[in-house]
Each structure stands twice: as C-alpha cells, then as structure tokens.
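Here is how the chains run, residue by residue.
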Amino acid sequence: QGIQLHGVLKENLQATISEINQCLLTTLGACGDVNRNVMCCPAPLYQNGVREQMQQFANAIAEHLAPRTGAYHEIWLNGENVNGRKKREREPIYGKVYLPRKFKVGISLPEDNCVDVYTQDLGFVAIVENGEIQGFNVLCGGGSGMTHGNKATFPCLGKPVCFIPADRVVPTAEAVVKLFRDHGDRSNRKHARLKYVMDEWGVAKFRRELKGYMGHPLKRPVKVEINGYETHVGAHEQGDGSWFYGVSVESGRIKDEGDFRLRTALREIVQQWSPMIRLTPNQDILFCDLPKKAITAIRKTLKGHGVPLSEKLTPLRQLSMSCPAIPTCGLAITESERALPGIIDDLEAGMKRLGLKSEEIAVRMTGCPNGCARPYQSDIGIVGRSGDKYTLFLGGNVIGDRLNQQFLDLVPREQIVPTLVVLLKHFKKNRKSGEGFGDFCDRVGQKELHALLE
Ligand code: SF4
C-alpha cells in the first residue's frame, strides 16, 4: 500500500525512508504510474494450502511488476545526491514512459472476496477443485474512481476475460499491463485507466488484443459466482496448530481516545506475543501464528483497554469502511474517517429499533469521488460531495459483485441516517426471505424508494 509521507519527508527524509525499509515495507511506486499494490486474502488459513498458494502468486506478481529503477534509492538533499547514484536499469515491462496511470491487482476466492476483486484493474479468481487451485478466471477493467459531474468518468466492475492455468499467472499479469501500457489514454489522466479501454473496446475486442500479448489463444472463463466475503475478525484456527485473532479497526484508525485505548492494547499484544501481523483489505489487523492460550489473553487485553471484542461488534460496524479523507488526504472534499463512526452509531441504533441489528449491510464512505474505500459496490455508499454534503449510493452488496447506483445527491450529513432508516423500515416490511438491503434496493428500484421519502 502507498504510504503518504508528505509532512514527514520534510522533517527527516533519510531516516524515514530508511526505517520504512528496515520494517520490510516500501513506498516504491506508491503514487506512480506503475503496478501499485497486489491484494490477496491475508488470512493464514493453511488447511488446504490454497491461500498460501494465492499469497505466493501475489508476491510473484508484485515482484515481477515492480519498477526496476534505482531512482527509488537515491536521496537528494538541497540538489545533492547524498547516498550515491545508482546505475539506471532498463524497465523491461514499463519502458521509458511507464504506464498511462496506476494499475492494481487482486486475487480472490469465489467464497471469500475480501479483496473486492471486481474493483481491481486486473483480478484473478481462483478456481479450486479437490483442494487444488486448477487455475484462475481473469477479470479486467475494474476500478472505483470517478469525478462528480463528469459523465465520462465512472466506476466499473472487472469483466471476466479468460481462464488461465495457475502457472500462467505472472505472464498473464505482464500481458495485461503491457496492453494497458500500449492502449491506455495518455492524453487525459482522468480517462487513463484500463476500465475505459475495456468500456470502449468491449470484452470481445479486449480478448482479441490480449491474445496478441499472451501469444496463444485464450480459454473462456469458467462459470463461477462470487458468493462470500470474510472480514476474518475474531479467533480462528490456522490449520497448522496455531491460531490467529483479527481485530476490527473502525475506519482504519488506531488511536487512544478517553477510555478507548486501542493503540495501547495493540502495543501490549505485540510486546507480549510478537505475532506475525497482517493487514486486511477491510482495514483490520490479524495477529497470527499464536498459541491457543494467547487468544484468551488478547481478548482480556483488549477488554482491559476499553476495546470491544471484534467478534461481538454488529456486522454493520464490522463491515463499515472509510477512507482517511480530512485531515490526512489532500484530495478530500468532506470528512469520512472521522465521520463514519458517528453515522454507524446512529444507524446501528436505528437498525436495533427495527429489529435489524444482525443484518449484514456494508456501508462505505469516502471524502471524495476517487473511491479509495471502494464505496461503489457496497449496499450503501456515502461519497463526499461538498462541504458537509454527500452523494448517497444504494444497491450494491456485501460480496461486491454489483455496482450500486446514485440515489440522492447533496445530502447533509445529519440527514443520511434518517433517510436510510425510512428505507430500512420499508426493507424490513417488504424484503424477500434472506434478501440483503442492497439486493432489495436493486430489486424494487429507485422510483419506489424515492416515493417513500416524498
Ligand atoms: Fe482522499 Fe478521496 Fe481517496 Fe478519500 S477517496 S482517500 S478523500 S482521494
């Protein structure tokens, strides 16, 4: 993941970069026109080795698509190169001018789409038979960003393009990146994503062009449906004798505030158990490779610092997600990370009154339409519009295989929950058995929902 360093860099650039590297993290290409992060389910579930294999593929893709430039390790202060200039390497994949814009990759399982594979420029959905990965469905052209009032920009779901055997993952990633390198829009950065290539070409032409980069005919994608999404919070057996415990981090913010001392609790857990730490695409933390006795101790530590146990949180809170927005992100129009917990408090209370406390509803909020918290596939998307007003999207779902639709624009923040509660009452009364809120909104349509508000 890209790490924002703007303020810190001014203070202590050399030490910061050095410390990040010592932690085995990197900011290489963090905001560059290259492949960015490769996401994969982080849960250490070793029962059949499938997730381990997926994680190995993710590492191989990340390594293969990393820029070769030595410039990352050059440090310049006051016009002087202070750590010795590295020889410039050739960029075998990106060439001289890199990509038209950023590129993202995700690997998922049909039963656990925790990486939101449809939002990625390039997605791999593992096809598993008898506990073995047989290969992957390749999805191309997903992406979240849009610009308010610019109809030429829109979120897209990745489209199934082909099936590949497992040993073709890395060459396939390279082929799709090269296709984007050569055919992405280099004249307009707002239009420079693979999703617009896919939108303009359609899947048939995309397949024909990709075949040229792959060097062989493409197999049709396997029929498979995404049908699950896991947050991985709470205690789980890893399958190798160890356990992991997932801590829900609301809005991704680790802090001590009054009696709620999450930061202190996490520090104590790390100091006591030295666990392997993994971060999830839902902004949560997994403490891994623990003995069973650590689970009870970790729960005690969390409770002792006023941190509610993640597995006891409502699904609404567990699934909620926001981007950093104000004050961390320079592109933010509105609040998000600091606003969502309050919205969830009120919505949770409203749902409790309606008897919907256990309902799985994904609410995602961002401070601008760039969509960093992936709001356009969720049941409820709240996207910063202006001042303290938001655009409300409805009709996606938890598993992230359908785009939601704009429902209301310029909604004042204090009106968001009262509006949703009206719709939830209607949902409670008229839903079909087992139907989720987003599915309901999608089925009944906006006309019926707007009539309720009138
Ligand atoms: Fe910043 Fe907008 Fe992304 Fe939020 S969605 S982190 S405000 S760019």
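In this text the structure is predicted, and so the values were computed from the model without any measurement.

### Looking at the site of the ligand
If you check the shell around the ligand, you find Cys323, Pro324, Ala325, Cys329, Leu331, Ala332, Thr366, Gly367, Cys368, Asn370, Gly371 and Cys372 and nothing else. Partitioned by chemical class, the residues of the shell around the ligand number eight nonpolar, four polar and no charged.

### Some details on the sheet that holds strand β15 (residues 363-366)
Here we have five strands laid out as an open sheet, ordered β14-β15-β16-β17-β18, and mixed in their pairing. Taken across any chain shown, the strands that pair with only one partner, and hence form the sheet edges, are β14 (321-322) and β18 (405-412). Sitting on the sheet, helix α9 (residues 413-430) touches β16 (380-386), β17 (389-394) and β18, and the angle it makes with β18 is about 135°.

### Some details on the side chain of Ser242
Counting through the fold element by element, Ser242 comes out in the loop between β8 (234-237) and β9 (243-247). With sequence-adjacent residues up to four places away left out, Ser242 is seen in contact with His236, Glu237, Asp289 and Leu290.

### With respect to the pairing of β16
Burial analysis of β16 places five of its seven residues in the buried class, the great majority of the element. By the bridge criterion, four bridges tie β15 to β16 in an arrangement that is parallel. The residue bridging Val363 from the neighbouring strand is Ile380, located in β16. Inspection of the sheet shows β16 paired to β17 by six bridges, in the antiparallel sense. Bridge pairing in β17 links Ile382 to Leu392.

### A short note on the packing of aromatic side chains
In the structure shown here, the tally under the stated rule is nine aromatic pairs. Arranged with centres 5.2 Å apart and planes meeting at 80°, the rings of Phe154 and Tyr196 form a pair that is edge-to-face. Note that Phe154 is positioned in the loop between β6 (132-140) and β7 (159-165) and Tyr196 in helix α4 (residues 194-214), a separation of 42 residues in sequence. Judged by its relative accessible area of 24%, Phe154 is partly exposed. Overall, Tyr196 belongs to the buried group, its relative accessible area being 3%. Every member of this aromatic cluster is reached through a ring pair, and the members are Phe57, Phe124 and Phe136.

### Some thoughts on the packing of helix α5 (residues 262-273) against helix α6 (residues 292-304)
The contact between α5 and α6 brings their axes to 9 Å, and the two run at 155°. Taken together, the axes of α5 and α6 lie roughly antiparallel to each other. Note that α5 runs across α6; the crossing there is right-handed. Together, Ala265, Glu268, Ile269, Gln272 and Trp273 of α5 and Lys293, Ala294, Ala297, Ile298, Thr301 and Leu302 of α6 make up the contact between the two elements. Taken together, the residues that form the contact of α5 with α6 break down as seven nonpolar, two polar and two charged.

Rules of the game
- Residues numbered from 1 in each chain as written.
- Predicted model: local features only at pLDDT ≥ 70, side-chain atom pairs only at ≥ 80, totals over all residues.
- Heavy atoms only, no water.
- Near = heavy atom within 4 Å.
- Nonpolar A, V, L, I, M, F, W, Y, C, P; charged D, E, K, R; others polar.
- Pairing = 2+ DSSP bridges.
- Helix = DSSP H or I, 4+ residues; strand = E, 2+ residues; numbered from the N terminus.
- Contact = heavy atoms within 4.5 Å.
- Axes fitted to C-alpha atoms, helices over the stretch in contact; angles between N-to-C directions.
- Buried < 20%, exposed > 50% of the residue type's maximum accessible area, 1.4 Å probe, protein only.
- Phe/Tyr/Trp six-rings, centres within 6.5 Å; stacked < 30°, edge-to-face > 60°.
- Parallel < 35°, antiparallel > 145°, perpendicular 65-115°, else oblique.
- Left-handed = near helix turned anticlockwise from the far one by under 90°.

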